[in-house]
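Understanding the architecture of this molecule
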Amino acid sequence: GRSRCSPAEARAGSDHPPGGRCGARRAPIHPDMQNRQVVVFALADELYAVDVQRVQEIIRWREPRAVAGSVPGVCGVINLRGRIIPVCDLSVTIGAQPIGSPEDAKIVVLENAFGVCGFVVDRVDEVSTLDGESVDEMPPLARDADFVVGVAKVGERLIVVLEPDRLFDGSLAE
């Protein structure tokens, strides 16, 4: 059979896993994530990301006007250059740690299946390019949230990649 790769060969090429068989190409975990640019942001000290093509803009925090009967996680609405958009506390929506000080927060305005909305985050870190090799599926015991595309390994950091269309219950589309 084929020989195992030496540690030097495994480090030199990313087309096969360390200890894997030489010449055996590792298929990307998420081929649709190949060279995908994402906006990386933080909730508390945890990093998350969404596809940069879904983000319309990032604005400074402004207090949303509360609306009675809103979906859980919706803080209210803001007027963004003549458009009324809902603003959601992403930490409530995904069950993460609450954001710190709202005055220092940002609102990531993005498009999802329900239209344009803003998500409150603690800070926006960067725009980063992910490849399919760096994004793994969630392990079975941590897979309950269908709004998670996967987890990206970038250096020592783990970044949870979110799918904006799945952030709310499907009943909202009715």
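Residues numbered from 1 in each chain as written. Predicted model: local features only at pLDDT ≥ 70, side-chain atom pairs only at ≥ 80, totals over all residues. Heavy atoms only, no water.

Re the overall build of the chain
Secondary structure assignment for the chain yields two helices and eleven strands. Helices (α) and strands (β) of the chain occur, in sequence order from the N terminus, as α-β-β-β-β-β-α-β-β-β-β-β-β. Split into buried and exposed, the 174 residues of the chain put 39% on the buried side. For the chain, the computed accessible surface area is about 10100 Å², with 50% contributed by carbon and sulfur atoms. (Helix = DSSP H or I, 4+ residues; strand = E, 2+ residues; numbered from the N terminus. Buried < 20%, exposed > 50% of the residue type's maximum accessible area, 1.4 Å probe, protein only. Areas by Shrake-Rupley, 256 points an atom, 1.4 Å probe, with all protein chains shown as cover.)

Notes on the pairing of strand 4 (residues 74-80)
The pairing of strand 4 with strand 5 (residues 83-89) spans six bridges and is antiparallel. Bridge assignment links Asn 79 to a residue of strand 5, and that residue is Ile 84. Linking strand 4 to strand 5, which pair antiparallel, is a turn of two residues; within it Arg 81 sits at a positive phi near 50°. (Pairing = 2+ DSSP bridges.)

A closer look at the confidence of the model for the chain
When pLDDT is averaged along the chain, the result is 78; 74% of the residues meet or exceed 70. In the model of the chain, helix 1 (residues 7-12) stands out as the element of lowest mean pLDDT, 43, in contrast to strand 3 (residues 55-60), which has the highest, 96. Overall, residues 1-30 carries pLDDT values under 50, and its contacts beyond four positions in sequence, including any with other chains, amount to 47 contacts. Note that residues 170-174 has pLDDT below 50 and, in this model, three contacts with residues that lie over four places away or in other chains. (pLDDT = per-residue confidence, 0-100. Contact = heavy atoms within 4.5 Å.)

A closer look at the sheet that holds strand 8 (residues 123-130)
Strand order in the open sheet formed by six strands is 8-1-2-11-10-9, with mixed pairing between adjacent strands. Two strands in the sheet have a free side with no partner beyond their single neighbour: strand 8 and strand 9 (135-136). Relative to strand 11 (residues 157-162), strand 10 (residues 148-154) is paired through six bridges, and the arrangement is antiparallel. Counterpart to Val 148 in the pairing with strand 11 is Leu 162.

What to know about the pairing of strand 2 (residues 46-51)
With five of six residues buried, strand 2 lies mostly within the body of the structure. Where strand 1 (residues 36-43) and strand 2 come together, six bridges link them in antiparallel fashion. Residue Leu 43 lies in a different strand from strand 2, and its bridge partner there is Glu 46. With three bridges joining them, strand 2 and strand 11 adopt parallel strand pairing. Each residue of the ladder has a partner; that of Leu 47, found in strand 11, is Ile 159.

A look at the nonpolar core
Core analysis: the biggest nonpolar cluster contains 31 residues, and Leu 90 and Leu 162 have the highest contact counts within it. Dropping the residues within four chain positions of it, Leu 90 is found in contact with Phe 41, Leu 43, Phe 119, Val 120, Val 121, Leu 162 and Leu 167. Core analysis: the next-biggest nonpolar cluster, separate from the first, contains eleven residues, Val 38, Ala 49, Val 149 and Ala 152 among them. (Core = buried A, V, L, I, M, F, W, Y, C linked by side-chain atoms within 4.5 Å.)

Considerations on the sheet that holds strand 3
The strand order across the open sheet formed by five strands is 3-6-7-5-4, and the pairing between neighbours is mixed. Where the open sheet ends on each side, the last strands, each with one partner, are strand 3 and strand 4. The mean inter-strand angle of the sheet, taken between neighbouring strand axes irrespective of direction, is 30°. As paired elements, strand 5 and strand 7 (residues 115-121) share three bridges and run parallel to each other. What sits directly across from Asp 89, in strand 7, is Val 120. (Axes fitted to C-alpha atoms, helices over the stretch in contact; angles between N-to-C directions.)

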